[in-house]
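Geometric and topological summary
The residues making up each chain are set out below.
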Amino acid sequence: EEALLRAEKNGVRMLAVQPTHMMSGLEYQGLVKTVRAHEASFLKVSVGAPLLSTRDDFQRVLQAVTEDTEQYDDGRTAICLMGHGTTDRANEVYELAQELLFEAGCDNYFIGTVEADPTLDQVVSKVREGDYKRVVLQPFMLVAGDHANQDMAGMGSHSWKRTFEEAGYEVHCVLKGLGQLPKIREIFVDHAREAIKKLEAESTNAPENA
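Every value quoted in this text rests on a predicted model; they were computed, and no experiment measured them.

To continue, consider the sheet that holds strand E6 (residues 170-173). Taking strand neighbours across the sheet as the criterion, the four strands line up as E4-E3-E5-E6 in an open arrangement whose pairing is parallel. Every interior strand has two partners, whereas the edge strands, strand E4 (109-113) and E6, have only one. Averaged over neighbouring strand pairs, the angle between their axes works out to 25° when direction is ignored. As paired elements, strand E3 (residues 77-83) and strand E5 (residues 134-139) share six bridges and run parallel to each other. For Thr 77, the partnering residue across the bridge sits in E5 and is Arg 134. Running over the sheet, helix H4 (residues 92-103) touches E3 and E4 and is turned about 175° from E4. In this fold helix H5 (residues 120-128) packs onto E3, E4 and E5, with an angle of close to 165° to the strand it touches most, E4.

Laid out in structure tokens, this is it:
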């Protein structure tokens, strides 16, 4: 809201907004709604896509993650990625990401969420089906914040780390958000460029202060 008002005050006429959301969930939808409420203040407005929008996005994200974790991929280690989860239907992105990992032969990669499906219990159940000795935990979130530090790597009774240790696994936590990976940032840059292209396609005479 403040950024939109500042852009209006500065005389911006052509506005491209690039969110840093994972998916088109409730928060992304709320952002789009806020932008649309201010749309009349600008000549043209374009909103970029979230990280996981197209099949190509999924492929690029999963490639970045598997490349970043390949040092742990020794055949005896389950690599578990912790997403946030949402009550919105956009939560399907986790199921799709899991399917694409399996299709790529990454059958020791498992995706779960903190607040939706797949749950931690479901992830543990899947890991138990394999002959794994170790578990690596890493956030499937842009930032390694409270969820990563507490729900994933914390020592609380319901943390992912504690749960897997009690299940008999050696656990290693990687406190690294997706946003730290250059290839992930490139996707956001590409989405921002697409948002700008939409503006340029609608008007070839954008003001200098756009």
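Alright, that's what it looks like, and here's the rest.
Where helix H3 (residues 55-69) meets H4, the axes come as close as 10 Å, and the angle between the chain directions of the two elements is 65°. You can see that H3 and H4 cross each other, and the crossing is right-handed. On H4, the residues that touch Arg 55, Phe 58, Gln 59, Leu 62 and Thr 66 of H3 are Val 93, Leu 96, Ala 97, Leu 100, Leu 101 and Glu 103. Residues that form the contact of H3 with H4 fall into these classes: seven nonpolar, two polar and two charged.

Turning our eyes to something else, we now look at the pattern of salt bridges. Taken as a whole and assessed by the stated rule, the structure comprises 11 salt bridges. Among the ionic pairs, Asp 74 bridges to Arg 134, the shortest N-O distance being 2.9 Å. Of the two residues, Asp 74 is situated in the loop between H3 and E3 and Arg 134 in strand E5; the sequence distance between them amounts to 60 residues. Its relative accessible area of 44% is what places Asp 74 among the partly exposed residues. A salt bridge links Asp 131 to Arg 76; the shortest N-O distance between them is 3.8 Å. Here Asp 131 is found in the loop between H5 and E5, whereas its partner Arg 76 is found in the loop between H3 and E3, with 55 residues between them in sequence. A relative accessible area of 53% means that Asp 131 is categorised as exposed.

As a further point, take the layout of surface pockets. Space inside the largest pocket adds up to approximately 510 Å³. Lining the largest pocket are 22 residues, with His 21, Met 22, Glu 27, His 84 and Gly 85 sitting closest to its centre. Of all the secondary structure elements, the ones that give two or more residues to the lining of the largest pocket are helix H2 (26-37) and helix H6 (146-152). A per-class count over the lining of the largest pocket returns 10 nonpolar, nine polar and three charged. Approximately 220 Å³ is the volume found for the second largest pocket. Taken together, 13 residues form the lining of the second largest pocket, with Glu 95, Gln 98, Ile 111, Pro 118 and Gln 122 sitting closest to its centre. Mapped onto the lining of the second largest pocket, the elements with two or more residues apiece are H4, E4 and H5.

Each value, and the rule that gives it
- Residues numbered from 1 in each chain as written.
- Predicted model: local features only at pLDDT ≥ 70, side-chain atom pairs only at ≥ 80, totals over all residues.
- Heavy atoms only, no water.
- Pairing = 2+ DSSP bridges.
- Helix = DSSP H or I, 4+ residues; strand = E, 2+ residues; numbered from the N terminus.
- Axes fitted to C-alpha atoms, helices over the stretch in contact; angles between N-to-C directions.
- Contact = heavy atoms within 4.5 Å.
- Left-handed = near helix turned anticlockwise from the far one by under 90°.
- Nonpolar A, V, L, I, M, F, W, Y, C, P; charged D, E, K, R; others polar.
- Salt bridge = Lys/Arg side-chain N within 4 Å of Asp/Glu carboxyl O.
- Buried < 20%, exposed > 50% of the residue type's maximum accessible area, 1.4 Å probe, protein only.
- 1 Å grid on protein atoms, 1.4 Å probe; cavity = no way out; pocket = protein on both sides within 12 Å on 5 of 7 lines; lining within 4 Å.
- Points joined across faces, edges and corners; volume = space filled by probe spheres on them.

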